[in-house]
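# Close look at the chain arrangement
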Amino acid sequence: MAISSDAEATPPISDPVCPHCDGVGYYLEAVPYGHPHFGVLFPCECKMAEKEQRVVAELQQMSNLDAFRDKNFDTFNPNITGVQRAYERAQRFARRPQGWLVMFGNYGCGKTHLAAAIANEALRRHISVLFAVVPDLLDHLRSTFGPSSEKAYDERFEQIRDAPLLVLDDLGTESATPWAREKLFQIINHRYNYALPSVITSNRKPDDIDPRIFSRMADRTISEEHVLIDAGDYRRLTFEQRVQRFPLPQQRRRYQ
Ligand SMILES: [Zn+2]
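Structural notes, computed from the coordinates. Remember, predicted model here, so these are calculated numbers, not experimental data.

## Quick look at the overall build of the protein chain
- A tally of helices and strands in the protein chain yields 8 helices and 7 strands.
- Taking all 256 residues of the protein chain together, the buried fraction comes to 41%.
- In the protein chain, of all internal contacts separated by at least 6 residues, the share reaching a separation of at least 24 is 73%.
- Carbon together with sulfur atoms contributes 52% to the accessible area of the protein chain, which is approximately 14,900 Å² in total.

## Looking at the side chain of Asp169
- The residue Asp169 is located in strand 5 (residues 165-171) in this model.
- The charged side chain of Asp169 is buried without a salt bridge, its nearest counter-charge being Lys111 at 5.8 Å.
- When near neighbours in sequence (up to four residues on either side) are disregarded, Asp169 contacts Thr112, Phe131, Ala132, Val133, Val134, Pro135 and Thr201.

## A word on the sheet that holds strand 6 (residues 198-202)
- Reading across the sheet, the 5 strands line up as 4-5-6-3-7 and stay open at both edges, with parallel pairing between neighbours. Each edge of the open sheet carries a strand with a single partner, namely strand 4 (129-133) and strand 7 (226-229). Ignoring which end each strand starts from, the neighbouring axes of this sheet average 15° apart.
- In this structure, strand 4 lies alongside strand 5, joined through 5 bridges in parallel fashion. By the bridge assignment for strand 5, Phe131 is matched with Val167.
- Along the sheet, helix 4 (residues 134-144) makes contact with strand 4 and strand 5, crossing strand 5 at roughly 110°.

## Considering the coordination of the zinc ion
- Only Cys18 (SG), Cys21 (SG), Cys44 (SG) and Cys46 (SG) from the protein reach the zinc ion as donors, at distances of 2.2 to 2.3 Å.
- Angles of 106 to 112° at the metal separate the 4 donor atoms of the zinc ion, which places the site in the tetrahedral class.

## Side note on helix 2 (residues 84-95)
- Given a rise of 1.5 Å per residue, 12 residues ought to cover 16 Å, and the 17 Å separating the end C-alpha atoms of helix 2 matches this to within 8%.
- In the core, the buried residues of helix 2 are packed alongside strand 3 (100-105), helix 3 (111-124), strand 5, strand 6 and strand 7.

## Let's talk about the environment of Lys183
- With respect to the helices and strands, the residue Lys183 is situated in helix 6 (residues 178-193).
- Judged by relative accessible area, which is 13%, Lys183 ranks as buried.
- Put simply, Lys183 and Arg142 are 41 residues apart on the chain and 9.6 Å apart in space, counted from C-alpha to C-alpha.
- Look past the residues within four positions of Lys183 in its chain and what remains in contact with it is Leu138, Leu141, Tyr153 and Phe157.

## Quick word on the environment of Asp219
- Within the secondary structure layout, Asp219 lies in the loop between helix 7 (211-217) and strand 7.
- For the pair Asp219 and Trp100, spaced 119 residues apart in sequence, the C-alpha separation works out to 9.8 Å.
- A distance of 2.7 Å separates the side chain of Asp219 from the side chain of Thr221, its partner in a polar contact.

## Looking at the packing of aromatic side chains
- Tallying each qualifying case throughout the model produces 9 aromatic pairs.
- Between Phe68 and Phe131, the ring centres sit 4.5 Å apart and the planes meet at 45°, which makes this aromatic pair tilted. Taken together, the residues Phe68 in the loop between helix 1 (45-63) and helix 2 and Phe131 in strand 4 connect sequence positions 63 residues apart.
- A residue is classified by how much of its surface remains accessible, and Phe68, at 17% relative accessible area, is buried.
- With relative accessibility at 1%, the residue Phe131 sits in the buried group.
- Here the aromatic rings of Tyr153 and Trp179 are separated by 6.4 Å at their centres, their planes lie at 45°, and the arrangement is tilted.

## A few points about a nonpolar patch on the surface
- Residues Val24, Tyr26, Leu28 and Leu41 make up a contiguous nonpolar surface patch of about 410 Å² in total accessible area.
- Given the relative accessible area of 55%, Val24 is considered exposed.

## Remarks on the packing of helix 2 against helix 3
- Packing of helix 2 against helix 3 brings their axes to within 9 Å, and their N-to-C directions diverge by 25°. As summarised for this structure, helix 2 and helix 3 are arranged roughly parallel, according to the angle between their axes. For the element pair helix 2 and helix 3, the recorded crossing hand is right-handed. Along its contact with helix 2, which presents Ala86, Tyr87, Ala90, Phe93 and Ala94, the element helix 3 presents Leu114, Ile118 and Glu121.

## Comments concerning the pattern of salt bridges
- If you walk through the whole model with that rule in mind, you get 7 salt bridges.
- Notably, a salt bridge pairs Glu121 with Arg124, separated by 2.9 Å at the nearest N-O pair. Of the two residues, Glu121 and Arg124 both sit in helix 3, 3 residues apart, roughly one turn of that helix.
- Residue Glu121 is classed as buried on the basis of its relative accessible area of 14%.
- The exposure class of Arg124 is exposed, given its relative accessible area of 59%.
- With its nearest N and O atoms 3.3 Å apart, the salt bridge here joins Asp162 to Arg161.
- The exposure class of Asp162 is partly exposed, given its relative accessible area of 35%.
- One network of salt bridges, in which partners are shared, links Glu121, Arg124 and Arg125.

What counts as what
- Residues numbered from 1 in each chain as written.
- Predicted model: local features only at pLDDT ≥ 70, side-chain atom pairs only at ≥ 80, totals over all residues.
- Heavy atoms only, no water.
- Helix = DSSP H or I, 4+ residues; strand = E, 2+ residues; numbered from the N terminus.
- Buried < 20%, exposed > 50% of the residue type's maximum accessible area, 1.4 Å probe, protein only.
- Contact = heavy atoms within 4.5 Å.
- Areas by Shrake-Rupley, 256 points an atom, 1.4 Å probe, with all protein chains shown as cover.
- Lys, Arg positive; Asp, Glu negative; His and termini not counted.
- Salt bridge = Lys/Arg side-chain N within 4 Å of Asp/Glu carboxyl O.
- Pairing = 2+ DSSP bridges.
- Axes fitted to C-alpha atoms, helices over the stretch in contact; angles between N-to-C directions.
- Donors = N, O, S within 2.8 Å, 3.2 Å for Na, K, Ca; no water.
- Tetrahedral: all angles 85-135°; square planar, octahedral: opposite > 155°, others 65-115°.
- Expected span 1.5 Å × (residues − 1).
- Polar contact = N/O pair within 3.5 Å; in protein donor to acceptor, adjacent residues only side chain to side chain.
- Phe/Tyr/Trp six-rings, centres within 6.5 Å; stacked < 30°, edge-to-face > 60°.
- Patch = residues over 30% accessible without salt bridge, like charges linked within 9 Å, V, L, I, M, F, W, Y side chains within 5 Å.
- Parallel < 35°, antiparallel > 145°, perpendicular 65-115°, else oblique.
- Left-handed = near helix turned anticlockwise from the far one by under 90°.

Below, the structure written as structure tokens:
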């Protein structure tokens, strides 16, 4: 809320009673009988601000970003060799989340920071976002899964699957029980089919990722390029990963 610099004209900030509606939360317009607004209660801006705060708080709670609150674009150093391109791409995606952004890089290269920065930026723009570290996500789903809590599980699963923006960090490090693998595939396949904005990070080689999942990540129609953060050990990357540093428009590749 803007605070006027004219102290005399402004009520004390701590004043709990809204001067516009006397704290009622609604106001009537001073219009004559017969006017379409006559007798209509309008929500006061103080009420709107409250609602806005509630929405933001709800989005924050849903986002699972508490532990990553400080990981934003301002706290990321784009001058480290090898991260510039990923930094720019992540910023572009954050401004306009569309399709998938897939980022590969070794442990410690900054991909989690960038993924969290995208999520924090989305939150700032009031886009509903869910940030999930893949192994934790699957543990969480497992813990809510059971005959007694079927509804809670279904709701949670749908929330994740349908999140307007989903950030999946650390794909490929999950313990690959058949159940977990299937759940992860269902989430990713659904987001692929409906082209839902998603960010996926991984430090694995394509060969180490479930081929059903990787073939979807590799589809250029949803993920126009794979960003490689080569701040780490670039030499160890496979040929396929290296060539994916460059966008290949209209080219479809399958890795199955
Ligand atoms: Zn008010």
